[in-house]
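Structural overview for review
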Amino acid sequence: MLTRIFAIAKKEIRQLKRDKRMLYVLFIWPFILLILFGYAINFDVHHIKTVVYDLDKSEDSRYFINMLTSSNYFDVVGYIDSEKKINEVIDANIARIVIVFPEDFSKNIHSNRQAKIQILISAIDANTASIVSSYINAATATFSFKIVEEALAVKGGSPYIPVNLSPRFWFNPDLNSTLFLIPGLISMILIMTAVISIAMSIVREKEKGSIEQINVSPISSIELLIGKTMPYSVLSLIIASTILLACYILFGATIKGSILLLFVSTFIFLFASLNLGILISSISDSQQVAFQLSALITILPSFLLSGFVFPIESMPPAIQILTNITPVKFYIVILRDIMLKGVGIEAFWPQLIYLLIFSFFFLTVASIINRKNKVD
Amino acid sequence: MKTILNIIIKEFLQLKRDPKLFSIIFVAPAIQLILLGYAANLDIFNISTAVYDMDKSVTSRSFIEKFESSGYFSIKYYVDSYNRITELIDNGDVLWTLVIPNDFEKKLKRGEQVSVQALFDGSDGNKTSITLGYVTSIVSSYSSNILLQKSTMLNAKQPFGTVSPELRFWYNPNLKTRFFMLPGIVGLILTIITTTLMAMGIVKEREIGTLEQIIVSPIKPYQLIIGKTLPFVLLGFMDVLIVTAVMVYWFGISIKGDFFFLMIASLIYVLSSIGLGLFISTISKTQQQAMMVATFGVLLPMNFLSGFAFPIENMPGWIQPITYLIPLRYYITIIRGVILKGDGFTQLIPEISVLLAAGIVILIFSSLRFRKRLS
């Protein structure tokens, strides 16, 4: 049995070696993408383009604007002097927000009334808009606070902050979103490489008819599958290690937890992905179908359903259940746990078990379909 | 003309023979859009929270109440040790823990400053910053209330003025991420279908040798190119219709702008994505290569660099120019503009022109390469 498996594996390696261009794509592209995406993807919001419509033109309004711009969250890109222009600057994307100080802004503050600042936010990108609004809320709270404090001092009370908040951030003190997104990026690149390469390699044999030769030979389908997946597992594992190394060099993403555990989990994840590829190959008759299926099953779901970018707990319950279809969901948790948190297997053993269940489920379904195909 | 028509008919017949491919082209995009439309949501609420209340006083309970009633937090655990906090945060059970010291009530009554701790799982920087914003505003409004009460006691006159923001959100008043994401997903699905189908369709023929047969036949290269690309343009366009229908009728996102204009823009976009597919087919020998190039060279960059999920203006300066090379970037700006803002031709002239120019350039360049490879 072993010799037959090795024979198949050897044949596969020979074929892979012959296809230099393919190897090049498999090794170089993930790197280039990692570099590009690692820098490109982040949700950190800085330098929000701001336009000011100041009807008050008082010291208070100027003070507020100074306070906003001194953090580098807001950049004032212009001032306007009519209500009509508000529409224009937001429509034309000149500003993401417009701050309007009403005429009585300063007067209200000094005559003990509540002063309002109008903030108009372009909310097409709702995520950025809610970050912006939380900055604004914090800024007005600080501003009010200063007024209350000063007034209190005038009246003879001692100025102080009653409740002081001291936040501490574990695992990622700078709240850098890149660090959080890198595990997702790694899993996406890995699953796509693994699923697509194995599915295509099997379907190609089907298309060329060489699968019939294998079918009449004494090789069992399990032997065939193991033989086929072995070279790709090794290949994907090498790609995984180089990606991890690159993450460390480029983004300083260190591995806080156990490297051994990381490799074991990565191997299990790859095993699940390869089995998914095998399943796809068993239901596709042409490489075109295999690819479309792989693309539809791996790219968008692992991007959108895995918790890579969008928090799973914000999804409707039915979709939350559905997120379990992608192995990426579980692998991302493991990666984040090991890389960012540095916690041990006690935190993520359920995920490992899920991945194993996935593997055997995919493999079983695939071999049932394969056997049926053989009989037909 | 007749030759072109014949090629087109042959192409459709072939598609009909592959029912699996056929259903992928027409059913998958609709299903995907529905599922992903629900999933693509960055709205943050029900933030899982733990509270470590060492004070257990009336004041601390009313302080905690402020968090509960804000609607952002769901307090899942009340804990009584730091070890338990570590455990909860390590396992990802809560995003943050509020720690109230045992002298909370006492210090506030004496008019001293009291520190409350907020311990966050910072691994998701985005979620944590938004949460921090919520926490900060609740705490500072609690603080200024205390000061206000104090000042009323000091001086029986009215309290002094405070400033409050009046936030108004345009285009998407409920801050639903879905409105922003759906048009993007439409563009992405369209690209996956058209670019890869085109590329693989041609490479497949080359692999099985039917392309050679055509070369020795009297068909002219330009007829072949038109005959091969038109069916995919049609398919892509039909996908646009399907996916737009799902967006409008399933999700109830109405198109504020001109539908006709949106369709023209989509057609222009399909030109460039078909062109990319043709280009991939000219640099790939096997279908495997074609799809590797399509995935890594086209689909993934589009996913990440088109502004579909990650705002381009947040990217570092050297990456932003690269995004100009991605046709999907312009298409996404156009569909978001038309659907959400009601933009028309005048507002979108730059995007439409770039897209049209890019489409023509890509298509001509790829056709030339394709012709060269044929001869």
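The structure displayed is predicted, hence computed values, not measured ones. (Residues numbered from 1 in each chain as written. Chains lettered and ligands numbered in written order. Predicted model: local features only at pLDDT ≥ 70, side-chain atom pairs only at ≥ 80, totals over all residues. Heavy atoms only, no water.)

**Concerning the overall build of chain B**
When its secondary structure is counted, chain B shows 15 helices and five strands. By the compact-globule yardstick of 21 Å for 375 residues, chain B is too spread out, its C-alpha radius of gyration being 29 Å. Counting all 375 residues of chain B, 59% fall into the buried class. In chain B, the proportion of contacts linking residues at least 24 apart, taken out of those at least 6 apart, comes to 77%. (Helix = DSSP H or I, 4+ residues; strand = E, 2+ residues; numbered from the N terminus. Rg over C-alpha atoms; globule rule 2.2 N^0.38 Å. Buried < 20%, exposed > 50% of the residue type's maximum accessible area, 1.4 Å probe, protein only. Contact = heavy atoms within 4.5 Å.)

**Quick word on the overall build of chain A**
Counting its regular elements, chain A contains 14 helices and five strands. With the C-alpha coordinates of chain A rotated into their principal frame, the extents come out at 95 × 45 × 40 Å. Going through the 376 residues of chain A one by one, you find that 59% of them count as buried. A sequence separation of at least 24 residues applies to 77% of the contacts in chain A between residues at least 6 apart. The average position of the 31 basic charges and that of the 27 acidic charges among the side chains of chain A differ by 12 Å. (Lys, Arg positive; Asp, Glu negative; His and termini not counted. Charge placed at Lys NZ, Arg CZ, Asp CG, Glu CD.)

**A short note on helix H10 (residues 259-283) of chain A**
In this model, H10 of chain A (25 residues) spans 36 Å end to end at C-alpha, consistent with the 36 Å of a helix rising 1.5 Å per residue. At the N-terminal end of H10 of chain A, a side-chain oxygen is found 3.3 Å from the backbone nitrogen of Leu260 of chain A, two or three residues along, and the residue is Ser258 of chain A. (Expected span 1.5 Å × (residues − 1). Polar contact = N/O pair within 3.5 Å; in protein donor to acceptor, adjacent residues only side chain to side chain.)

**Digging into the interface of chain B and chain A**
The interface of chain B with chain A comprises 124 residues on the first partner and 123 residues on the second. In total, about 11,600 Å² of surface goes out of reach between chain B and chain A, with carbon and sulfur atoms giving 67% of it. For the pair chain B and chain A, the interface holds one salt bridge. Of the charged contacts in the structure, one is a salt bridge between Asp121 of chain B and Lys341 of chain A, with a shortest N-O distance of 3.4 Å. At the junction of chain B with chain A, the criterion picks out five residue pairs in polar contact (both at pLDDT 80 or more). Sort the elements by how many residues they give to the side of chain B that touches chain A and helix H7 (residues 125-154) of chain B lands first, with 21 residues. Where strand S5 (residues 163-170) of chain A and strand S4 (residues 114-121) of chain B come together, eight bridges link them in parallel fashion. Following the sheet pairing, Leu165 of chain A is matched in S4 of chain B by Val116 of chain B. (Buried area = accessible area lost by both parts, 1.4 Å probe. Salt bridge = Lys/Arg side-chain N within 4 Å of Asp/Glu carboxyl O. Pairing = 2+ DSSP bridges.)

**As for helix H9 (residues 221-251) of chain A**
Residue and element names in this part refer to chain A. Between its first and last C-alpha, H9 extends 43 Å over 31 residues, near the 45 Å set by a 1.5 Å rise per residue. Maximal helix bending in H9 amounts to about 25 degrees, located at Thr229; proline Pro231 follows within four positions. Remark: Gly252 follows H9 within two positions and exhibits a positive phi of approximately 65 degrees. (Bend = angle between axes of the 7 residues up to and from the residue.)

**Remarks on the packing of H9 of chain A against H10 of chain A**
Residues and elements named next belong to chain A. One can describe the packing of H9 onto H10 by two numbers: an axis separation of 9 Å at closest approach and a directional angle of 135 degrees. On the basis of their axis angle, the class for H9 and H10 is oblique. In this structure, H9 crosses over H10, and the sense of that crossing is right-handed. From H9, Leu225, Thr229, Tyr232, Ser233, Ser236, Leu237, Ala240, Ser241 and Leu244 reach across to H10, where they touch Leu262, Phe263, Thr266, Phe267, Leu270, Leu274 and Ile278. (Axes fitted to C-alpha atoms, helices over the stretch in contact; angles between N-to-C directions. Parallel < 35°, antiparallel > 145°, perpendicular 65-115°, else oblique. Left-handed = near helix turned anticlockwise from the far one by under 90°.)

**Comments concerning a nonpolar patch on the surface**
On the surface, Ile35, Leu245, Tyr248, Ile249 and Leu250 of chain A together with Trp318 of chain B cluster together to form a nonpolar patch covering roughly 610 Å² of accessible area. With four residues, H9 of chain A is the largest single contributor of residues to the nonpolar patch. (Patch = residues over 30% accessible without salt bridge, like charges linked within 9 Å, V, L, I, M, F, W, Y side chains within 5 Å. Areas by Shrake-Rupley, 256 points an atom, 1.4 Å probe, with all protein chains shown as cover.)

**Here's the deal with the confidence of the model for chain B**
Here chain B averages 84 in pLDDT, while 95% of its residues score no lower than 70. Across the assembled chains, the prediction reports ipTM 0.73 with pTM 0.77. (pLDDT = per-residue confidence, 0-100.)

**Let's talk about the packing of helix H11 (residues 287-304) of chain A against helix H3 (residues 28-39) of chain B**
Look at H11 of chain A against H3 of chain B: their axes get within 10 Å of each other, and the N-to-C directions meet at 15 degrees. By the angle between their axes, H11 of chain A is roughly parallel relative to H3 of chain B. Helix-helix and strand crossings are classified by hand; for H11 of chain A and H3 of chain B the assignment is right-handed. The residues of H3 of chain B that touch H11 of chain A, namely those facing Leu296, Leu300, Pro301 and Leu304 of chain A, are Ala28, Gln32, Leu36 and Ala39 of chain B. Partitioning the contact of H11 of chain A with H3 of chain B into residue classes produces seven nonpolar, one polar and no charged. (Nonpolar A, V, L, I, M, F, W, Y, C, P; charged D, E, K, R; others polar.)

**Here's the deal with a positive patch on the surface**
Residue and element names in this part refer to chain A. On the surface, Lys10, Arg14, Lys17, Arg18, Lys20 and Lys208 cluster together into a patch of positive charge. Element by element, the count of residues in the positive patch is highest for helix H1 (residues 2-18), at four residues. Here Lys17 is to be found in helix H1. Given a relative accessible area of 56%, Lys17 falls into the exposed group.

**Brief notes about the packing of aromatic side chains**
All names here are of chain B. Tallying each qualifying case throughout the model produces 29 aromatic pairs over all chains. Aromatic pair Phe67 and Trp96: ring centres 5.7 Å apart, planes at 50 degrees, arrangement tilted. Of this pair, Phe67 sits in helix H4 (residues 58-69) while Trp96 sits in strand S3 (residues 96-100), and the two are 29 residues apart along the sequence. By relative accessible area, which is 2% here, Phe67 ends up buried. Each ring, one from Phe73 and one from Tyr134, has its centre 6.5 Å from the other, and the planes form 85 degrees; the classification is edge-to-face. Taken together, the positions of Phe73 in strand S2 (residues 73-78) and Tyr134 in helix H7 put the pair 61 residues apart, joining distant regions of the chain. (Phe/Tyr/Trp six-rings, centres within 6.5 Å; stacked < 30°, edge-to-face > 60°.)

**A short note on the nonpolar core**
Residue and element names in this part refer to chain A. The biggest cluster of nonpolar side chains holds 184 residues, and the ones touching the most others in it are Val98 and Phe303. In terms of residues, this core owes the most to one element, helix H7 (residues 177-208), which gives 19 residues. Beyond its immediate stretch of four places on either side in the chain, Val98 contacts Val51, Tyr53, Ile80, Ile86, Val89, Ile90, Gln118, Ile119 and Leu120. Judged by nonpolar contacts, the second largest core, of 61 residues, contains Ile99, Ile109, Ile147 and Leu165. (Core = buried A, V, L, I, M, F, W, Y, C linked by side-chain atoms within 4.5 Å.)

**Some thoughts on the pairing of S3 of chain B**
All names here are of chain B. Among the five residues of S3, five are classified as buried, and the element is accordingly described as predominantly covered. Of the two faces of S3, both are covered, the one formed by Trp96, Leu98 and Ile100 as well as the one formed by Thr97 and Val99. Sheet topology places strand S1 (residues 47-53) next to S3; five bridges connect them, and they run parallel. Bridge pairing in S3 links Thr49 to Trp96.

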